[in-house]
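Here is what each chain is made of, one letter per residue.
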Amino acid sequence: MSMQLPSGMGDEDDAQPVSEINVTPLVDVMLVLLVIFMVTAPMMTAGIALDLPKTAAAPLSPPAPPLELSLTKEGGLFLDKEAVPQEALEPRLVAIHAETPDRALHLRADRGLDYGEVLRVMGLVQRAGITKVALVSLPGGDPPAAPAAAPVR
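Here is what the cut-offs are and how they apply
Residues numbered from 1 in each chain as written. Predicted model: local features only at pLDDT ≥ 70, side-chain atom pairs only at ≥ 80, totals over all residues. Heavy atoms only, no water. Buried < 20%, exposed > 50% of the residue type's maximum accessible area, 1.4 Å probe, protein only. Helix = DSSP H or I, 4+ residues; strand = E, 2+ residues; numbered from the N terminus. Arc of directions from axis to C-beta. Contact = heavy atoms within 4.5 Å. Salt bridge = Lys/Arg side-chain N within 4 Å of Asp/Glu carboxyl O. Pairing = 2+ DSSP bridges. Right-handed = clockwise from strand over helix to strand, strands pointing away.

With that settled, consider helix α2 (residues 86-99). By the burial criterion, the buried members of α2 are L89, L93, I96 and H97. What you see down the axis of α2 is that its buried residues fit within an arc of 95 degrees, all on one side. For α2, the exposed residues lying more than 90 degrees away from the buried face are E87, A98 and E99. Looking at the buried positions of α2, the neighbouring elements they touch are β1 (67-71), β2 (77-79), β3 (82-84), β4 (105-109) and α3 (115-127).

Taken as a whole, this structure holds four salt bridges when the rule is applied. Two residues, E90 and R127, come together in a salt bridge whose shortest N-O distance is 3.0 Å. Of this pair, E90 sits in helix α2 while R127 sits in helix α3; the two residues are 37 residues apart in sequence, bridging distant segments of the chain. According to the relative accessible area criterion, R127 is exposed, its value standing at 57%.

As judged from the five bridges shared by β1 and β4, these two strands associate in the parallel manner. For L71, the partnering residue across the bridge sits in β4 and is A109. Direction of pairing for β4 relative to strand β5 (residues 133-135): parallel, over a ladder of three bridges. In the sheet register, L105 faces β5, and the bridge partner there is V133. You can see the chain leave β4, run along α3 and come back into β5, and the turn it takes is right-handed.

Structure (structure tokens):
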């Protein structure tokens, strides 16, 4: 009982690699993924059915973007990219704080500016009633130095 192969199938000298891609397994996997997605997608959007109460309260508004107060090395003050004279800064901050009391302020000061000048401006901000103040810096500065060890006695 021997098996007859078609001509050319038994010759190992004529063997050539198959250059066709079998896409059937790929299609099978894609169909399975499609079915899984179709079954699970409605579960992701559906929540628990509730009969929520109604209220007359106004919807919450998003918080106002923070004020940007910039101090240049030359002594210039800019409030949201608008130049402000030194004497007009505190009244402007008081007026802005009266409109939106929860608004934060981001303080940007030039690196070469005197520390006392930054503190003076922070005092003006505090007198205006603004308590949410953040100092803005750029990432990537020098790492802090390790503290020196205390002398052993």
